[in-house]
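One-letter residues, chain by chain:
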Amino acid sequence: MKKSNLKLFAFLAVIMTVGLSFTTLKKITVKGSDTMVILSQKWAEVYMAKHPGTVIQVTGGGSGVGLAALLNGSTEIANASRPIKPAEVQKLKAKFKTQGIEIPCAKDGLSVFLNKSNKVSELSIQQLGDIYSGKVTNWKEVGGDDAKIRLYGRESSSGTFEFFREHVVKGDFAANVQTLPGTAAIVNAVSKDKYSIGYGGAAYAEGVKDCKVKKDAKSKGVLPTAATIKNKTYPIARYLYMYLKSKPTGETKAFIDWILSPEGQKLVVETGYFPVK
Amino acid sequence: MKKILFTGLLFVSCLINAQEVTNDTVKSNSVDTLKTDELTRLKESVDDHSMKLAGYEERFSALETVVNELSKIKVSGYIQAQYEMYDSWASDGSQHGIPVTGSAYEDNSFYIRRARIKFTYKPIDGVNFVLQPNFEVHQVTLKDAFVQLNDRWLNTFSLWVGQFNRPTYEIEYSSASREFAERTLMTRTLYPTERDQGVKLEADFATKFEIPLKLQFAVLNGNFGEGALANQAKDVDNGKDLMARAVYSFKFPSKGLGIDFGAHTYLGNTTVIAQTSPVTVFSDVNNNSFTPNVGDKLKKELFGTEMQLYYDFLGGLSLKGEYIRGTYSGTTNTAQVNTLFNANKVRNVEGYYLSLVKNVGKVNEVSLRYDVFDPNTKLSGDGVKTKDDLKYYNWTFAWQYYFNDYIKVMASYTLPVNEKSLNAGADYIKDKHDNIFTLRLQARF
């Protein structure tokens with residue numbers, strides 16, 4: 001073989017190798033629940049380290065945003081911290097002729113955050129509902145100091161917002177709830193404000209204290225722990241879901257199977273959530 | 001000499017040291033001054049920025065209030081612009097197309113089928129106001145206008161008051177999502193213009209109770225879509241019509257299968273609100289003549305079943321069907337006339353459809369529908385004396401291409417095949433050529 005041909009061959013081989021290496025990259029897009037962002041990123045990080053040919057792109061935005069992205073085809077997996085709504089299923093049926101695939105991938109106790117120096121450490125669901133709907137506005141009404149309650153919450157596109165509204169507030173939030181993007185921001189705000197209250201995923205509770213939650217006035221207050229969420233004694237627990245428009249195949253299926261495997265579920269525990277099995 | 005030199009050096013050394021001490025003192029003093037100045041400037045800057053931030057916060061709060069209010073209003077809508085070709089011939093082959101005003105016939109046209117904007121205002125949780133006008137070349141008509149109250153305690157019940165879709169599957173399945181150019185002849189005839197005015201109670205047990213059951217119950221004027229628009233603004237006969245529907249969804253996630261089963265009924269009347277002189281004679285379900293009096297109520301009772309199957313097979317597939325039968329009545333009275341049931345008659349009617357839709361890849365969809373409507377089940381073949389009593393078997397083939405989530409192109413071809421009769425007019429001795437091709441561009445937002 002001539003030297004010039006050899007060079008050409010080597011050059012083409014390099015081009016093809018580089019080209020093929022790009023074409024064999026498998027990309028999975030995950031979008032949705034802000035509560036699940038840390039967990040999802042952890043899953044993606046570990047999975048990508050084990051499978052270098054796979055690229056997993058994780059973004060938040062809220063459960064509603066994720067499901068909307070699934071419906072408009074801009075994401076493969078929608079993370080949601082609430083179950084899909086009947087209206088969203090109807091849209092899946094209309095557009096994709098499927099009813100969608102629901103995969104519960106972790107359990108979460110929705111924590112109520114209080115500042116560490118707040119005298120109050122226990123509230124019933126009714127009291128929480130009254131606080132967030134604006135019926136109770138002073139800590140002294142629930143056994144605390146004579147100080148105005150400052151409310152922090154999530155945006156309306158958040159699954160956490162919807163879950164909390166449906167299961168705790170059971171109506172409209174008070175107009176003075178300050179909305180923040182993500183549970184981490186809420187925890188940060190509550191940690192700096194003695195007379196504030198917030199809610200969000202249990203995995204984020206650092207620098208604040210978890211409030212014991214009572215199912216009703218007569219019940220005993222329960223902290224969100226692995227045991228209380230598993231045995232359902234903690235009253236504000238929920239599943240975290242992944243939604244797909246149709247049965248996963250190829251690398252997406254492998255990624256989901258891995259998430260549900262003991263290895264994937266171990267990361268659930270490490271991130272502060274609770275495994276589904 | 002050495003002593004003098006030593007003394008001199010010592011003096012110089014002391015002088016230098018003294019100078020350094022002086023310099024240090026001066027330097028220290030100037031650094032302190034600098035630090036104080038800088039701190040003052042920094043404080044001023046912080047104060048300035050704090051004031052600016054407070055100003056921004058105030059402005060942001062005002063803007064947030066406006067944005068929060070605006071976020072309660074949702075605007076959506078769609079436009080369907082299309083080109084149609086009508087393969088319609090007179091029996092003697094003399095005229096091609098469908099008649100328009102006067103004697104002209106048209107066999108193709110551009111047409112704006114829909115131009116709708118839907119406004120939804122949600123002032124508080126659980127309350128929706130919906131307003132949907134339809135813009136046409138010559139008029140603007142009101143399609144949806146209702147208040148929806150959702151129960152906030154059980155998340156199960158919702159009450160609708162105003163003008164809204166009648167509760168059947170094909171009607172509630174939006175025109176913007178539909179895979180065929182038009183609804184079936186059965187639905188278009190039995191539920192003209194889809195909507196009616198009244199009150200509707202819905203119960204969806206899926207969210208709170210995790211039971212995939214939906215119930216709908218409606219009390220309606222019963223005359224919407226009939227007669228002149230002005231007559232549709234209010235009830236024309238005092239009598240209210242009732243509708244009820246139930247749908248249960250089965251899910252088989254491991255098989256990627258979902259099946260919805262349902263049934264509905266329509267219980268109403270066509271009241272004879274006027275008689276002519278000489279009297280108008282009607283025809284009953286057995287095709288016998290009778291003369292109703294003013295105030296007589298002619299039966300309008302329908303019973304239907306439905307099924308929708310969704311199968312996660314190579315990108316999604318749906319198989320849908322509805323079957324409706326019952327007794328239906330119509331009148332030529334201009335205040336009540338249904339243009340697709342335009343005769344003074346009471347008839348036993350029957351119809352059904354089956355549609356198959358398959359997604360092909362991510363952007364293509366092919367569809368096939370077979371629909372049948374018999375406006376008079378008591379007569380067939382040559383026994384049919386008027387074209388209005390002829391049974392129709394319609395085939396529709398369609399293809400849709402989705403540019404993105406907002407824009408799609410549809411090509412739809414409908415082949416109506418009529419029942420043949422020697423006594424229903426020359427056009428219907430054999431199958432009338434009346435196929436329609438539609439090429440539609442739809443944009444939604």
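Residues numbered from 1 in each chain as written. Chains lettered and ligands numbered in written order. Predicted model: local features only at pLDDT ≥ 70, side-chain atom pairs only at ≥ 80, totals over all residues. Heavy atoms only, no water.

Trainee: Just checking my understanding: could you explain the overall build of chain A for this structure?
Mentor: Scanning chain A from N- to C-terminus turns up 10 helices and 11 strands. Principal axes of the C-alpha set define a box for chain A whose edges measure 90 × 40 × 35 Å. Across the 277 residues that make up chain A, the buried fraction comes to 51%. Element-wise, carbon and sulfur atoms account for 58% of the exposed surface of chain A, whose accessible area totals about 12,800 Å². Between the mean site of the 40 positive side-chain charges and the mean site of the 23 negative ones, chain A shows a separation of 6 Å. (Helix = DSSP H or I, 4+ residues; strand = E, 2+ residues; numbered from the N terminus. Buried < 20%, exposed > 50% of the residue type's maximum accessible area, 1.4 Å probe, protein only. Areas by Shrake-Rupley, 256 points an atom, 1.4 Å probe, with all protein chains shown as cover. Lys, Arg positive; Asp, Glu negative; His and termini not counted. Charge placed at Lys NZ, Arg CZ, Asp CG, Glu CD.)

Trainee: I tried to follow the pattern of salt bridges on my own but got confused; where do I start?
Mentor: Side chains carrying opposite charge are able to pair once their charged atoms draw close together. Under the criterion given, the structure shown has 41 salt bridges over all chains. Lys 97 of chain A is the salt-bridge partner of Glu 179 of chain B, the closest N and O atoms lying 2.3 Å from each other. Taken together, the residues span two chains, with Glu 179 of chain B in the loop between helix H2 (169–172) and helix H3 (185–190) and Lys 97 of chain A in the loop between helix H4 (86–96) and strand S4 (101–114). For the pair Glu 179 of chain B and Lys 97 of chain A, one class covers both residues: buried. (Salt bridge = Lys/Arg side-chain N within 4 Å of Asp/Glu carboxyl O.)

Trainee: Is there a simple way to think about the interface of chain B and chain A in this case?
Mentor: Accessible area lost on assembly of the parts is the figure often given for the size of an interface. Residue-level contacts link 31 residues of chain B with 19 residues of chain A. With a closest N to O distance of 3.6 Å, Lys 97 of chain A and Glu 365 of chain B form a salt bridge. Counting only elements with at least two residues in the side of chain B that touches chain A, the list comes to helix H4 (206–209), strand S10 (241–252), strand S11 (257–271), strand S14 (297–311), strand S15 (317–330) and strand S16 (345–360) of chain B. With 4 residues, S10 of chain B is the largest single contributor of residues to the side of chain B that touches chain A. Taken together, the residues of the side of chain B that touches chain A break down into 11 nonpolar, 9 polar and 11 charged. (Contact = heavy atoms within 4.5 Å. Nonpolar A, V, L, I, M, F, W, Y, C, P; charged D, E, K, R; others polar.)

Trainee: So what exactly am I meant to see when it comes to the side chain of Asp 196 of chain B here?
Mentor: All names here are of chain B. Mapped onto the elements of the fold, Asp 196 is located in strand S8 (residues 195–204). Note on Asp 196: relative accessible area 1%, which makes it buried. In this structure the side chain of Asp 196 is engaged in a polar contact, spanning 2.9 Å, whose partner is the backbone nitrogen of Gly 222. The residues touching Asp 196, leaving out its near neighbours within four places in the chain, are Gly 162, Gln 163, Phe 164, Arg 166, Leu 220, Asn 221, Gly 222, Asn 223 and Phe 224. (Polar contact = N/O pair within 3.5 Å; in protein donor to acceptor, adjacent residues only side chain to side chain.)

Trainee: Would you take a moment to explain the domain arrangement of chain A for this structure?
Mentor: Residue and element names in this part refer to chain A. Split into domains, chain A comes out as domain 1 (3–107 + 240–270) and domain 2 (108–237). Each of domain 1 and domain 2 has a C-alpha centre, and the two are 32 Å apart. For the domain 1 and domain 2 pair, buried surface summed over both sides reaches about 1,000 Å², with 47% attributable to carbon and sulfur atoms. Counting across the domain 1 and domain 2 interface gives 3 salt bridges. (Domains from an automatic or database assignment. Buried area = accessible area lost by both parts, 1.4 Å probe.)

Trainee: What is the right way to read the pairing of strand S9 (residues 213–220) of chain B from this model?
Mentor: Along any regular strand the residues' side chains alternate between the sheet's two faces. Residue and element names in this part refer to chain B. Across 7 bridges, the pairing between S8 and S9 is antiparallel. Across the sheet, the residue bridging to Val 199 is Val 219, located in S9. Judged from the 8 bridges that link them, S9 and S10 form a sheet pairing that is antiparallel. Each bridged residue has a counterpart across the sheet, and for Leu 220 the counterpart in S10 is Asp 241. (Pairing = 2+ DSSP bridges.)

Trainee: Help me out: how do you make sense of the packing of aromatic side chains in this one?
Mentor: Aromatic rings considered in pairs are described by the distance between their centres and by the relative angle of their planes. One pass over the full model with this rule turns up 31 aromatic pairs over all chains. Relative to Phe 290 of chain B, the ring of Phe 282 of chain B lies with its centre 5.9 Å away and its plane at 50°, an arrangement referred to as tilted. Owing to a relative accessible area of 25%, Phe 290 of chain B belongs among the partly exposed residues under this scheme. Ring-pair connections join several aromatic residues into one group, and the members of that group are Tyr 132, Phe 161, Phe 164, Phe 173 and Tyr 199 of chain A. Here the basic side chain of Lys 245 of chain A rests over the ring of Phe 96 of chain A, its NZ or CZ set 5.3 Å away from the ring centre. (Phe/Tyr/Trp six-rings, centres within 6.5 Å; stacked < 30°, edge-to-face > 60°. Lys NZ or Arg CZ within 6 Å of the ring centre and 35° of its normal.)

Trainee: Before we go on, may I ask you to explain the nonpolar core in this structure?
Mentor: Side chains of nonpolar character tend, in soluble globular proteins, to be buried together. With 33 residues, the main nonpolar core has Ile 131, Tyr 132, Trp 139, Phe 164, Ile 197 and Ile 236 of chain A as its most contacted residues. Of all elements in the fold, only S4, helix H5 (125–133), helix H6 (159–169) and strand S8 (196–201) of chain A reach the threshold of two or more residues within this core. At 5 residues, H6 of chain A tops the list of elements feeding residues into this core. One finds Trp 160, Tyr 173, Leu 302 and Tyr 392 of chain B within the second-largest nonpolar core, a separate group that totals 29 residues. (Core = buried A, V, L, I, M, F, W, Y, C linked by side-chain atoms within 4.5 Å.)

Trainee: I tried to follow the pairing of S8 of chain B on my own but got confused; where do I start?
Mentor: As paired strands, strand S7 (residues 157–165) of chain B and S8 of chain B are joined by 9 bridges and run antiparallel to one another. In the sheet register, Val 161 of chain B faces S8 of chain B, and the bridge partner there is Val 199 of chain B.

Trainee: Help me out: how do you make sense of the packing of helix H2 (residues 37–50) of chain A against helix H9 (residues 250–260) of chain A in this one?
Mentor: All names here are of chain A. Close contact between H2 and H9 brings their axes to 11 Å; oriented N to C, the two are set at 115°. You can see that H2 and H9 cross each other, and the crossing is right-handed. From H2, Trp 43, Ala 44, Val 46, Tyr 47 and Lys 50 reach across to H9, where they touch Glu 251, Ala 254, Phe 255, Trp 258 and Ile 259. The residue inventory of the contact of H2 with H9, partitioned by class, reads 8 nonpolar, no polar and 2 charged. (Axes fitted to C-alpha atoms, helices over the stretch in contact; angles between N-to-C directions. Left-handed = near helix turned anticlockwise from the far one by under 90°.)

Trainee: Before we go on, may I ask you to explain the confidence of the model for chain A in this structure?
Mentor: It should be kept in mind that the predicted coordinates are not to be read in detail where pLDDT is low. Mean pLDDT over chain A stands at 87; residues scoring 70 or higher make up 92%. Mean pLDDT across the elements of chain A ranges from a minimum in helix H1 (residues 3–23) of chain A, with 62, to a maximum in strand S3 (residues 77–80) of chain A, with 95. (pLDDT = per-residue confidence, 0-100.)

Trainee: How do you make sense of unusual backbone geometry when you look at a structure like this?
Mentor: What you tend to see is this: most non-glycine residues have negative phi, and most peptide bonds are trans. Residue and element names in this part refer to chain B. In this structure, the amide linkage connecting Ser 277 to the following residue, Pro 278, adopts the cis form with an omega of 0°. Looking at the secondary structure, you find Pro 278 in the loop between S11 and strand S12 (282–283). Of note, Glu 194 is a non-glycine position whose phi angle comes to about 65°, a positive value. One can find Glu 194 in the loop between H3 and S8. The exposure class of Glu 194 is buried, given its relative accessible area of 12%. One non-glycine residue with positive phi stands out, namely Leu 314, at about 45°. Judged by its relative accessible area of 66%, Leu 314 is exposed.

Trainee: Looking at this structure, how should I read the side chain of Thr 438 of chain B?
Mentor: Residue and element names in this part refer to chain B. Counting through the fold element by element, Thr 438 comes out in strand S20 (residues 434–444). Residue Thr 438 is classed as buried on the basis of its relative accessible area of 5%. Not counting chain neighbours up to four residues away, the residues in contact with Thr 438 comprise Gln 82, Tyr 83, Glu 84, Ala 181, Met 410, Ala 411 and Ser 412.

Trainee: How should helix H7 (residues 183–191) of chain A be read in this particular structure?
Mentor: Along an α-helix, residues three or four positions apart point the same way, because every turn accommodates 3.6 residues. Residues and elements named next belong to chain A. Turning to H7, its buried residues are Thr 183, Ile 186, Val 187, Ala 189 and Val 190. Viewed along the axis of H7, the buried residues span an arc of 165°, placing them on a single side of the element. Elements that come into contact with the buried residues of H7 comprise S4, strand S6 (150–154), strand S7 (178–180) and S8. (Arc of directions from axis to C-beta.)

Trainee: How should I be thinking about the environment of Lys 42 of chain A in this particular structure?
Mentor: Within the secondary structure, Lys 42 of chain A is located in helix H2. Along the backbone, Lys 42 of chain A and Leu 267 of chain A are 225 residues apart, and their C-alpha atoms lie at a distance of 7.3 Å.

Trainee: Help me understand helix H3 (residues 63–71) of chain A, please; the structure alone is not making it clear to me.
Mentor: All names here are of chain A. Taken as a whole, H3 has its buried residues at Ser 63, Gly 66, Leu 67, Ala 69, Leu 70 and Leu 71. Summarising the contacts, the buried residues of H3 are in contact with strand S1 (26–32), S3, H4, H6 and strand S11 (237–244). Phi turns positive one or two residues past the end of H3, at Gly 73, with a value near 80°.

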